[in-house]
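Observations on chain architecture
The primary structure of each chain is shown beneath.
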Number of protein chains: 2
Amino acid sequence: MRQSQLFTETQREAPKDEKSKNSQLLIRAGFIDKLMAGVYSYLPLGFLVLKKIENIIREEIQKIGGQELFLPALHPKENWLKTSRWQQKEMFKLKSRSGKDCSLGWTHEEIITPLVKKFVKSYKNLPVAVYQIQTKFRDELRAKSGLLRGVEFIMKDLYSFHQDEEDLDKYYEKVKKAYFQIFKRCGLAKQTFLTLASGGTFSKYSHEFQVITPYGEDTIYLCPKCKLAINKEIIKEEKYKCSKCQTKKLEIKRAIEVGNIFKLKDKFSRPFDFTFVNREGKKKLILMGCYGIGLPRLMGAIVEVCHDEKGIIWPREVAPFQVHLIPLAETSSHFAPYPVWPGSVIENTQKVKKISQKLYQDLQEARIEVLYDDREDKTAGEKFADADLIGIPLRIVVSERTLRKNCLELKQREKKEIKLVRINQVKKYVK
Amino acid sequence: MRQSQLFTETQREAPKDEKSKNSQLLIRAGFIDKLMAGVYSYLPLGFLVLKKIENIIREEIQKIGGQELFLPALHPKENWLKTSRWQQKEMFKLKSRSGKDCSLGWTHEEIITPLVKKFVKSYKNLPVAVYQIQTKFRDELRAKSGLLRGVEFIMKDLYSFHQDEEDLDKYYEKVKKAYFQIFKRCGLAKQTFLTLASGGTFSKYSHEFQVITPYGEDTIYLCPKCKLAINKEIIKEEKYKCSKCQTKKLEIKRAIEVGNIFKLKDKFSRPFDFTFVNREGKKKLILMGCYGIGLPRLMGAIVEVCHDEKGIIWPREVAPFQVHLIPLAETSSHFAPYPVWPGSVIENTQKVKKISQKLYQDLQEARIEVLYDDREDKTAGEKFADADLIGIPLRIVVSERTLRKNCLELKQREKKEIKLVRINQVKKYVK
C-alpha cells in the first residue's frame, strides 16, 4: 500500500486519558481510535493486524476440527433465564419496540447449546466442535487498559460437545496445543504460560494462558522449573505450591490473560436438556468444553510485550505489512521545471523514485506485503520516526547515497544493525 | 469437507412461522437458524456463503480505493445528538451501568465523519474512501421476510469524502460500476436494475440496486428499453415516466433492494464542522457519499432468484463448495466380516469408496472446494435430495454402474442433463 493513500497519520502524543502502553502506541501509530471508554475503532493498519490474528486463530482451530459459524449478538431473554444468568451484571440489556427483552452476548453458551441440540441426537454425531470470531459486549465499569479490557471486543469462542469425559479430556488437550501454537505465531512463545485457575462450580480447575509483562492486570505465581503457573484465586484457595513439582519457590509475575479454556461438563447441557443416545441406546447428557481468545486483548498484549521507546515491534506473522519501503529524496519537488542534468539533485531524486517504484512492484508480485512511504512532504527523520512507531519488521531504505554502490539499506525493526544489500539480492533477503 | 463431519443436517420441513422462500430453503438446507424474529445464526454452510459474498465485495471495493476499517457497534449518544438522529425510532438504545446513554449502530455516518475529520485537513488528503463489513442493528417491527429484513445484519458500508461535487460525482459513478460488478459476480446480472430513488433532504436523487423477483418487498417501474427503473416514491412525487427516454410504457415489477448509494454532500460534514483547506487556502465543508450493501439481504435475494422446487441453485462464485461429490455404495456396511470375492457387493463398494476418496483428494489439491458426501447411512435418494436442496453447482456421482465404463456422472445443479465423463477427464471438466 502507498502510505500517501493511507488516510491516517501518526501522532506525536497520545490522548491524555490513555494510560496503557498498548493504546498509547496503537493510537499514536494510527492503528486504533477511541470512540468511548473500552470501545475502539480499528483503522486500516489496525484492521490488517486484526485480520492477521484472526487468520492465525482460524487456521489453528480448523486444524483441530472446529467448524466456523456466526451467531447473533442480540439474544432473547428466555435463553438466559434457562441458566439463571439473566442477572449477570456485566450483560447489557435492552428492550425492543415490540416489548421483547434482549441482551447483548458476552459469551454464547446460551445460544450454541440449544442450536447444536437441534442437530445432534446420537453418539454417532459426536464429537462436535464449533467456533466463531464475533463481537462481544461487556458492561465494564473500569475499562482503562486500552485493548486489554474492552466494553465491545471481538472474540474467538469455541465450543465442543462430547459423549464422555475421556473424549472431552482428549479434546481439551488438543485445544491446549492449538492455543500454544496460536500464541507462538503471534510472537508470544517465550512469554505465554499455562496457568492453573479455578474452574467454577463444575470443574475443579480451568486453565488460563497468561502473557508475562510488567503492565499486566493479573498476578500469577510461576514455577521456573516446570514453566507452569497458578493464578491468584488458586493461591487463596489452596496451598502455595507448583501444581506439578510441588515446589514452593514460585516467582510472582504480572501478566495478561490472553485465553482461557474450561471444561463445562454438563453445566449447560443440563438446563437445556441436551441429551444424546449413547452406544448402549441410553440417553445421556452431553458434556461440553468452551475455549476463548479475545482478539483485541491479544493484540494489546502483543504491543505490551513487543515495543521499545520508539514504538511498536510487530512479530512477523501479525505485522500489518512485512516490509516498510522508504525512498529518501533530497528534494520534495516531484516535477522538474528546468532541464535535468546528470548528477543533479533532481536526477538523483528521480533515480531513487524509479528504483523504489520498481522494487515496490517486484515485492508485491512476490506476494510480499509492502507499505511504500511515497509521501513527498516528509523529511527522512519524519519517515524514520513513523517507521519505528508503526513497527513493520523490515525497513528498506532507498537513497542516493547507497544507490551509488548499487545497494539498499535493510534494517530489522528490533535490531540496531543496518545491512547494505545489493539491489538484485534484496528480494532473496526479504524471503 | 466431509459431509459426515458437518454437524448440521437438512430438514424436510421449514418452521411454520417462516413465510419467505429464502429463509425456508436456507433453514431446511442447514445454512441458517432463526434465534428470534429478524435474528439468524449462520451455520457452517451459511457462513461459507457469507464469506464468499464478503470477499467479492471486498475485492470490488478495494479496486475503487476503499480502505477497510472496523467501527464499533456501540455508539455514544453525543454523536447522534449532533445530527438530531438520536430520536430515530429504529435505533436500539441502552444505558451502561455507569449511566452512559448508548445506541447500537444501524449506520455509521455519525461515527466515521468525526473520525476521518481527525486526519483529513487539506485538499491534499482528498479524496478518501473507507468501508467496513460489520454488524448493524435495526429495531424492525415487521421482520418477516427471512434474511431480507433483519434486526441484526452484516452490512458493507462505504463512505467517501471529497473536495467538490465534481469529485463526488466521479466517485459515485465508480461505485455504481463496482456495485454492478458485485451483483454480477453474485449471479444476479440479469435481475439487477439501477433504480432512481428519492434522495432525501440534500440530494434530489439517490440510486437503489433492485433485484427483480416475484416475492420482492418493493415495487419498481422498469423501462424495458433503457433498463432503468424508478421507485414508488419517485412515482408519487413526479410524473410517471422513464428518467432517460421519458417513455410512459413502464413495467411494474416486484423487487428486492440489495444496495443503495447516496450523495450526502454536506449533510454530515456540516453538523460535525468537518472542513478542509482547499487549493486556494480557503476553508470548505467536505462533501460526502455513502454506499451500502446488506450481506444477508443479498444472500436472501440470491436464494429468492436462484432456486427451483427442489432447493437452492447457488451461482458459482457464492456457492459454499464448487463440487458435491457423492459416492453411491450398494451397501452401507463399511467393514467385511467375511472374505471379499471379485464382483461382490462389498468389493464394488470398496472400489466406489477408493475412487471417491482419491478424487476428493485430487480435487482439493487442485484447490477446488468439495463437499464429500461420505455418509454411510443415507440412501442414494436421500443423498440426491440433500444435494438438490443444498444447491452446490456441480454434482459428481461415483457408482459401480458407471465405474464399469470407467466413467463418473456429472450434473450441473441447474440442468437436467447428466454427463458421463471418463475418470481421468473429470478434473479438466470441473475447471
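Heads up: the structure comes first, above all this text.
Here the structure is a predicted model, which is why all the values come from computation and not from measurement.

1. What about the overall build of chain A?
Helix and strand counts for chain A stand at eleven helices and 23 strands. Oriented by its inertia axes, the alpha-carbon framework of chain A measures out at about 90 × 60 × 45 Å. In chain A, which comprises 431 residues, the share counted as buried stands at 58%. Contacts in chain A between residues at least 24 apart in sequence constitute 67% of all its contacts with a sequence separation of at least 6. For chain A, the distance from the average site of its 80 positive side-chain charges to the average site of its 55 negative ones is 4 Å.

2. Section: the pairing of strand β8 (residues 152-162) of chain A
Residues in a regular strand project their side chains so that they alternate between the two faces of the sheet. Residues and elements named next belong to chain A. Counted residue by residue, β8 has eleven buried out of eleven residues, so it is predominantly covered. Along β8, one buried face is formed by Glu152, Ile154, Lys156, Leu158, Ser160 and His162 and the opposite face, lined by Phe153, Met155, Asp157, Tyr159 and Phe161, is buried too. Relative to β8, strand β7 (residues 128-137) runs antiparallel, the two being bridged by ten bridges. Within the sheet, the bridge partner assigned to valine 130 lies in β8 and is tyrosine 159. Sheet topology places β8 next to strand β16 (residues 287-294); eight bridges connect them, and they run antiparallel. In the sheet register, serine 160 faces β16, and the bridge partner there is glycine 289.

3. A look at helix α8 (residues 345-365) of chain A
All names here are of chain A. Helix length check: α8 (21 residues) gives 30 Å between terminal C-alpha atoms against 30 Å at 1.5 Å per residue, within 8%. For α8, the complete set of buried residues consists of Ile346, Asn348, Thr349, Val352, Ser356, Leu359, Tyr360, Asp362 and Leu363. Next to the buried residues of α8 lie β19 (323-328), β20 (370-372), β21 (394-399), α10 (400-403), β22 (407-412) and α11 (426-430). Looking at the residues trailing α8, positive phi occurs at arginine 367, about 60°.

4. A closer look at the nonpolar core
With 70 residues, the main nonpolar core has Leu74 and Phe161 of chain A together with Leu74 and Phe161 of chain B as its most contacted residues. Not counting residues within four places of it along the chain, the set of residues in contact with leucine 74 of chain B comprises Leu35, Met36, Val39, Phe92, Phe137, Val151 and Glu152 of chain A together with Leu94, Cys102, Ser103 and Leu104 of chain B.

5. Description of the environment of glutamate 238 of chain B
Residue and element names in this part refer to chain B. In this structure, glutamate 238 sits in the loop between α6 (232-237) and β13 (251-265). Taking relative accessible area as the criterion, glutamate 238 reaches 31% and is therefore assigned partly exposed. The spatial distance from the C-alpha of glutamate 238 to the C-alpha of glutamate 173 is 24 Å, given a sequence separation of 65 residues. Excluding residues within four positions of it along the chain, glutamate 238 makes contact with Lys204 and Tyr205.

6. Concerning the interface of chain B and chain A
Counting residues at the interface gives 59 residues for chain B, matched by 59 residues for chain A. Carbon and sulfur atoms make up 67% of the area that chain B and chain A hide from each other, which totals about 4,900 Å². Area buried by chain B at its contact with chain A is led by Phe7, Arg97 and Phe119 of chain B, which between them contribute 18% of it. On the surface where chain B and chain A come into contact, there are two salt bridges. Lysine 118 of chain B is paired through a salt bridge with aspartate 33 of chain A; the nearest N and O atoms lie 2.6 Å apart. Applying the counting criterion to the chain B and chain A interface returns 16 residue pairs in polar contact (both at pLDDT 80 or more). Of the residues assigned to the side of chain B that touches chain A, the class counts are 32 nonpolar, ten polar and 17 charged.

Definitions and cut-offs
- Residues numbered from 1 in each chain as written.
- Chains lettered and ligands numbered in written order.
- Predicted model: local features only at pLDDT ≥ 70, side-chain atom pairs only at ≥ 80, totals over all residues.
- Heavy atoms only, no water.
- Helix = DSSP H or I, 4+ residues; strand = E, 2+ residues; numbered from the N terminus.
- Buried < 20%, exposed > 50% of the residue type's maximum accessible area, 1.4 Å probe, protein only.
- Contact = heavy atoms within 4.5 Å.
- Lys, Arg positive; Asp, Glu negative; His and termini not counted.
- Charge placed at Lys NZ, Arg CZ, Asp CG, Glu CD.
- Pairing = 2+ DSSP bridges.
- Expected span 1.5 Å × (residues − 1).
- Core = buried A, V, L, I, M, F, W, Y, C linked by side-chain atoms within 4.5 Å.
- Buried area = accessible area lost by both parts, 1.4 Å probe.
- Salt bridge = Lys/Arg side-chain N within 4 Å of Asp/Glu carboxyl O.
- Polar contact = N/O pair within 3.5 Å; in protein donor to acceptor, adjacent residues only side chain to side chain.
- Nonpolar A, V, L, I, M, F, W, Y, C, P; charged D, E, K, R; others polar.

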